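In case you want the letters, here they are:
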Amino acid sequence: MTTAVVRALGALAHRAAHADPREPCGCPPPRVLADRADGTVVRSGPVVAKAHAPGTDTPGLRGRMALANDPGLAGILLAPLDPRPAAPPAPLHDRPVTLWPHGEPVDPGDPDAAPWEEAAGLLAALHRTPAPPALALPPMRGPAKAALAVARMRAARPDDPATAPVLGAWRRLPEWARAEAAPPAHRSGFLCHGDLHLGQLVRHPAPDGPWRLIDIDDAGLGDPAWDLARPAAWFAAGILPPDVWLRFLESYRAAGGPAVRPGGDPWPELDVPARALTVQAAALALAKSAAEDRTPDEVEQEMIDACARMASLPPELGARHSS
């Protein structure tokens, strides 16, 4: 990301934080919160400006912004400061920009305080909420993001045998989980976040307000099990402790979440999305490690190893619960 883009975002956030430019300003210098291929986020005081990814579907983004601003989602999604994506100035290369209130993120240095139960409750509430009929919402982008991760891996490691277990696990997924077909109709009409992890929660008002879900770039209609898939994949790979996974799952069920059955084995619903998120994580690990000229770290290797186990299953088991 160029310095000019970061400066433009910082200036935009700063102007939004000061309705009256004559008022005294005690804001610290703008700070970059994230700078990734899927977006750059800069904070100035109480305002956060985000430049979305190049090629963003702007009509889809407008629908997602309207969703975040819908009164029926007020206790679930963080509302934007302006529900309309702004037309960005030239230094932002025609990327849409949105403005948000600052929220206090999850503390990565205190894993015992991670709000797994709160995340589960917010997801259950989102999934139970009927889609506002006036909004033209796109499909949630979970399967599309998994496909993009695989494409990124292939580009970073062409003809590399290290990708074989990931591609083997990918080919065993049903077409809908690879973004090559629509999901089963009975699982496609729920409001979904599309990219749930603990980095997608903030307290608002900061620093100790209630938790809210942020980052609606992948939100839309789809299979709610996808929103449980990342922690399910981490649990299956041995990364997330069983007690944490059970707290998350039981909190979701207690809040009436429809992604899994109310009791018993949740894996008939979670199996395919969890396998897809495993492939996504492993593909990104191989792509990033290639770009940084290093070997995958321990956690990354665990996801790659999980793909190898999935790819080695007999076809009849690998296809289990695939529809």
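Residues numbered from 1 in each chain as written. Predicted model: local features only at pLDDT ≥ 70, side-chain atom pairs only at ≥ 80, totals over all residues. Heavy atoms only, no water.

An account of the sheet that holds strand 1 (residues 31–36) is needed here, citing residue identities and associated values.
The strand order across the open sheet built from four strands is 1-2-3-4, with neighbouring strands paired in antiparallel fashion. Bordering the open sheet on either side are strand 1 and strand 4 (97–101), each of which pairs with just one other strand. With direction set aside, neighbouring strand axes in the sheet form an average angle of 15°. Pairing between strand 1 and strand 2 (residues 39–44): five bridges, direction antiparallel. If you follow arginine 31 over to strand 2, its bridge partner there is arginine 43. Docked against the sheet, helix 1 (residues 3–17) engages strand 1, strand 2, strand 3 (47–52) and strand 4, running at close to 45° with respect to strand 2. (Pairing = 2+ DSSP bridges. Helix = DSSP H or I, 4+ residues; strand = E, 2+ residues; numbered from the N terminus. Axes fitted to C-alpha atoms, helices over the stretch in contact; angles between N-to-C directions. Contact = heavy atoms within 4.5 Å.)

I'd like to hear about a negative patch on the surface, residue by residue, with values.
Taken together, the side chains of Glu104, Asp107, Asp110, Asp112 and Asp208 make up a negatively charged region of the molecular surface. Tracing the backbone shows glutamate 104 in strand 5 (residues 104–105). (Patch = residues over 30% accessible without salt bridge, like charges linked within 9 Å, V, L, I, M, F, W, Y side chains within 5 Å. Areas by Shrake-Rupley, 256 points an atom, 1.4 Å probe, with all protein chains shown as cover. Salt bridge = Lys/Arg side-chain N within 4 Å of Asp/Glu carboxyl O. Lys, Arg positive; Asp, Glu negative; His and termini not counted. Charge placed at Lys NZ, Arg CZ, Asp CG, Glu CD.)

Provide a residue-level description of the pattern of salt bridges, including the pertinent values.
Pairing is possible between side chains of opposite charge, provided their charged atoms come close. Inspection of the entire model under this criterion finds 17 salt bridges. We note a salt bridge from arginine 84 to aspartate 82, for which the minimum N-O separation is 3.1 Å. Since its relative accessible area comes to 59%, arginine 84 is described here as exposed. In this structure, the salt-bridge partner of glutamate 117 is arginine 247, at a minimum N-O distance of 2.7 Å. One end of the pair, glutamate 117, is in helix 3 (residues 116–128); the other, arginine 247, is in helix 7 (residues 242–254), with 130 residues separating them in the sequence. In the salt-bridge network here, residues are joined through shared partners; they are Arg141, Lys145, Asp195, Asp218 and Arg230. (Buried < 20%, exposed > 50% of the residue type's maximum accessible area, 1.4 Å probe, protein only.)

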